[in-house]
Amino acid sequence: MLGDDAELTAAVRAAQDGDESAFRTVYRAVHPRLLGYVRTLVGDPDAEDVTSEAWLQIARDLERFTGDADRFRGWAARIARNRALDHIRMRGRRPAIGGDETELTGKPAESDTAGEAIEALATDTTLSLIARLPQDQAEAVVLRVVVGLDAKTAAETLGKRPGAVRTAAHRGLKRLAELIGEDPESAGVLDALPPQREPRGRAVTSASVTHMRARTQKDM
């Protein structure tokens, strides 16, 4: 592991040992991407509240987590997704954000952005466009491109096979490119799409965890 991943892994392990500063580091590193994911599921008005509920559970259950940065992002995304789906069930349906995705069908993209990925990770424009995709494509795109999960971890989060997630992400990125081509105001949103991550070898697990008190976002 190099760079940010190694730092996040170290921060997670320190947080498990009760280091409050390390937990704040974990929160700052993961929260913007997690919030972006939740926004695609529940919409802007409720995203902050749902993500806050997810962080409360993450803090409460962190002592039971084992793994490295990749596994932590996947674990946090699963928790956030469950909280979002609970919220949607209580409300009755996924919010309608933007137009019907069928308006994208058959329209050629003006640029080939499906093999590249999002630099502007959590801009309102980017997330509002992603939210116009079918839910399976929107989740696959956000988990793989924004949250940064490899196909296997994203599949575990969604309860699907890696191949299905790869297909959904590919289709979602293609349709996102088509939508951007139809909206001049969105030019530049997908200037460069980072390669979707693939599994790297065996995950590094934490050797031991100790009791950690539940934290709230007031601690951040």
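Residue numbers run consecutively from 1 along every chain, following the written order of its sequence. The predicted origin of the model limits local features to residues at a pLDDT of at least 70 and limits the giving and counting of side-chain atom pairs to 80 or more, whereas totals for whole chains, interfaces and linings rest on all residues. Here the side-chain values reflect all heavy atoms present in the structure, with hydrogen atoms and water set aside.

Visitor: What is the right way to look at the overall build of the protein in this model?
Guide: Secondary structure elements follow DSSP: runs of H or I no shorter than four residues count as helices, runs of E no shorter than two count as strands, and numbering proceeds from the N terminus. Along its length, the protein carries eight helices and zero strands. Reading the helices (α) and strands (β) of the protein from amino to carboxyl end gives α-α-α-α-α-α-α-α. Every residue pair with non-hydrogen atoms within 4.5 Å of one another is taken to be in contact. Put simply, 77% of the contacts in the protein that link residues at least 6 apart link residues at least 24 apart. Surface summary for the protein: the accessible area is close to 10,800 Å², and the carbon and sulfur share equals 49%. Surface accessibility in these figures is a Shrake-Rupley result with a 1.4 Å probe; residues are shielded only by whichever protein chains are displayed.

Visitor: Explanation requested: the packing of aromatic side chains in the structure shown.
Guide: Two rings from Phe, Tyr or Trp (for Trp, the six-membered ring) form a pair when their centres sit within 6.5 Å of each other. Planes less than 30 degrees apart are called stacked, planes more than 60 degrees apart edge-to-face, and all others tilted. Inspection of the entire model under this criterion finds five aromatic pairs. A ring pair is formed by Phe65 and Phe72, whose centres lie 5.5 Å apart and whose planes are at 85°; its orientation type is edge-to-face. The classification of residues rests on relative accessible area computed with a 1.4 Å probe and restricted to protein chains. Under 20% of the type maximum is buried, over 50% is exposed, and intermediate values are partly exposed. By relative accessible area, which is 4% here, Phe65 ends up buried. Judged by its relative accessible area of 1%, Phe72 falls in the buried class.

Visitor: Looking at this model, I keep getting lost on the environment of Trp55. Mind explaining?
Guide: Among the structural elements, Trp55 can be located in helix 3 (residues 44-61). As a C-alpha pair, Trp55 and Leu34 span 21 residues in sequence and 9.6 Å in three-dimensional space.

Visitor: Help me understand the pattern of salt bridges in this model?
Guide: When the charged atoms of two side chains with opposite charge come close together, those side chains can pair. Definition used for salt bridges: Asp or Glu carboxyl oxygen within 4 Å of a side-chain nitrogen of Lys or Arg. Throughout the structure, instances matching the rule amount to seven salt bridges. In this structure, the salt-bridge partner of Asp5 is Arg73, at a minimum N-O distance of 2.8 Å. Of this pair, Asp5 sits in helix 1 (residues 3-16) while Arg73 sits in helix 4 (residues 69-91), and the two are 68 residues apart along the sequence. Just as Asp5 is buried, Arg73 falls in that class too. In the salt-bridge network here, residues are joined through shared partners; they are Asp5, Asp70 and Arg73.

Visitor: I'm lost on the environment of Gly36 in this one. Help?
Guide: Checked against the element boundaries, Gly36 lands in helix 2 (residues 20-42). Since its relative accessible area comes to 1%, Gly36 is described here as buried. Between the C-alpha atoms of Gly36 and Val147, which are 111 residues apart in sequence, the distance is 8.3 Å. If we ignore the near neighbours within four places in the chain, the residues touching Gly36 are Leu127 and Val142.

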